[in-house]
Amino acid sequence: MSSVRLLNTLIVDDEPAAIEGLRLRLEAFPQIRVIAEANSVAEAIRAINTQMPDLIFLDIEMPEQSGFELIRQLQPEQCPAIVFVTAFHQHAVKAFEVRALDYLLKPVKRERLAEAIARVGEVTSIRADKAQLLAAVAELSTEGHNQSSSTAEKTTAAEPQYCIESQKLVIQDGRNPIQLIPYQDIIWIDAAGDYMCVHTQTETHVMRARLKSLIDERLPDVFVRIHKSTVVNLTYIERLQPLSNSEYKAVLANNKVLKVSRTYARALKQRLLG
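Counting starts from 1 at the beginning of each chain's written sequence and moves along it residue by residue. With pLDDT at 70 or above as the cut-off, local features in this predicted model cover only qualifying residues; side-chain atom pairs require 80 or more to be listed or tallied, and sums for whole chains, interfaces and linings still use all residues. Side-chain figures throughout are based on the complete set of non-hydrogen atoms in the structure, without hydrogens or water.

J.: Before we move on, could you go through the sheet that holds strand β3 (residues 55-58) and cite the residues and values that matter?
T.: Here a strand pair is declared whenever DSSP counts at least two bridges between the two strands. Helix and strand assignments follow DSSP, with helices taken as H or I runs no shorter than four residues and strands as E runs no shorter than two, numbered in order from the N terminus. Judged by pairing direction, the sheet is parallel, and its five strands sit side by side in the order β2-β1-β3-β4-β5 without closing on themselves. Each end of this open sheet is capped by a strand with a single partner; those strands are β2 (32-38) and β5 (102-105). The sheet shows a mean angle of 25° between the axes of neighbouring strands, taken without regard to direction. By the bridge criterion, four bridges tie strand β1 (residues 7-12) to β3 in an arrangement that is parallel. Across the sheet, L10 pairs through a bridge with I56, a residue of β3. Here helix α1 (residues 16-26) sits on the sheet in contact with β1, β2, β3 and β4 (81-86), set at roughly 170° to β2. Contacting β1, β2 and β3, helix α2 (residues 41-51) runs over the sheet at an angle of about 135° to β2. Angular values range over 0 to 180 degrees, each being the angle between N-to-C directions of two axes fitted as lines to C-alpha atoms, with helices fitted over their stretch in contact. Only heavy atoms enter the contact rule, under which two residues are in contact if any of them lie within 4.5 Å.

J.: Help me get a handle on the side chain of T86, residues and values and all.
T.: On the secondary structure map, T86 appears in strand β4. Each residue's exposure class comes from its accessible area (1.4 Å probe, protein chains only) as a fraction of the maximum for that residue type: buried when under 20%, exposed when over 50%, partly exposed otherwise. You can call T86 buried: its relative accessible area is 0%. Beyond its immediate sequence surroundings of up to four residues, T86 is in contact with D59, I60, Y103, L104, L105 and K106.

J.: Please set out the pairing of strand β14 (residues 248-252) residue by residue, giving values where relevant.
T.: Summarising burial for β14: four of the five residues are buried, a large majority. Pairing of strand β13 (residues 237-242) with β14 involves five bridges; the strand directions are antiparallel. When the sheet's bridge partners are listed, Q241 is paired in β14 with K249. Where β13 folds back onto β14 in an antiparallel hairpin, the turn is made up of five residues, including N245, whose phi is positive at roughly 60°. Here β14 pairs with strand β15 (residues 257-260) via four bridges, running antiparallel. Counted as the bridge partner of Y248 is V260 from β15. Here β14 folds back onto β15, and the loop between the two strands holds four residues, one of which, N255, carries a positive phi near 75°.

J.: So what's going on with the confidence of the model for the chain? Residues and values would help.
T.: The quantity known as pLDDT measures the predictor's confidence residue by residue, on a range of 0 to 100. In this model, the chain carries an average pLDDT of 80, and 75% of its residues clear a pLDDT of 70 or more. β2 holds the highest mean pLDDT among the elements of the chain, 96, whereas helix α6 (residues 145-158) holds the lowest, 45. Long-range and interchain partners of residues 126-162, a stretch whose pLDDT sits below 50, account for 21 contacts in this model, where long-range means more than four residues apart.

J.: Pulling in residues and values, what's your account of the pattern of salt bridges?
T.: The salt bridge definition used is simple: a Lys or Arg side-chain nitrogen within 4 Å of an Asp or Glu carboxyl oxygen. Enumeration according to the criterion identifies ten salt bridges in this entry. Linking K106 and D59 is a salt bridge whose minimum nitrogen-to-oxygen distance equals 3.7 Å. On the criterion of sequence distance, the pair formed by K106 in the loop between β5 and α5 (110-140) and D59 in the loop between β3 and α3 (67-72) is long-range, its members being 47 residues apart. When its relative accessible area of 27% is taken as the criterion, K106 is described as partly exposed.

J.: Can you break down the nonpolar core residue by residue, with the values?
T.: By nonpolar core is meant a set of buried Ala, Val, Leu, Ile, Met, Phe, Trp, Tyr and Cys residues that side-chain atoms within 4.5 Å join together. Ranked by size, the top nonpolar core spans 21 residues in total, and within it L10, V12, I56, L58, L70, I82 and F84 carry the most contacts. Looking at this core element by element, the count peaks at five residues for α2. Once residues within four sequence positions are removed from consideration, I56 is found in contact with L10, V12, I48, P80, A81, I82 and V83.

J.: Provide a residue-level description of the packing of aromatic side chains, including the pertinent values.
T.: Note on ring pairs: Phe, Tyr and Trp rings are taken, using the six-membered ring of Trp, and paired if centres are within 6.5 Å. Classes follow the plane angle, with under 30 degrees stacked, over 60 edge-to-face and the rest tilted. Enumeration according to the criterion identifies two aromatic pairs in this entry. Centre to centre, the rings of F68 and F84 are 5.3 Å apart; their planes meet at 55°, and the pair counts as tilted. Residue F68 is located in helix α3, and its partner F84 is located in strand β4; the two are separated by 16 residues in the primary sequence. With respect to burial, F68 and F84 carry one shared label: buried.

J.: Describe in detail α1, supporting the description with residues and values.
T.: Along α1, the residues classified as buried are I19, G21, L22 and L26. Seen along its axis, α1 keeps its buried residues to an arc of 165°; they face one direction. Opposite the buried face of α1, by more than 90 degrees, sit the exposed residues P16 and A17. This arc describes the spread of directions from the helix axis toward the C-beta atoms.

Shown next, in the form of structure tokens:
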């Protein structure tokens, strides 16, 4: 039987009541061992240097220095897993850009806390497996140092970067919980003024954004514009039906039919036909 891997945990928040509340919630998770608490970035740095935690629950808006400033002071290869805990939803995208594993809004719900801890457990297991692999390679490679270096570099390059926005679309509006939608689940997106309707197999999500910025800054290459107000995930297109004036109808896997305007028809056909 495999034992639970303990995660030595640091809680950083300038509000003692917030630390106490989170610590009490964490008592329900046997894999979490709170080893230190800090009320500021300076205290957190000292705790990290002496306690070397596996995981930090980190507030963002604190006096003097923010949680983001703490991240900037840590060496990437030594940085513990980070879960932001904050009352301010507007920091979500930046939090994931600095490779936080999750982003929890206060007051923290137990279900979301459980999801975050599960994600941390998966990531730390991957890192531990990677460390064991590199140690084995170093032991076996008494000759050919360059080859060993190359292997290590490839292993590092293959490690998941956990940049959420490269894998999921972050949807936040300040009133509802932040939603993380895997790109592979998105069938198409259409514009309605300053808002986007993000369609999956089961539901439609609404987010405030402009289509051009969404295409330029977030969506992976598998999404192609087929109309001034529509982008589609290429993997869901079943067939194209020609219309007049060089336009087409794109029939999707869920039988939804979308119009392909003449402006974007050629580029779409090139993507589909290679």
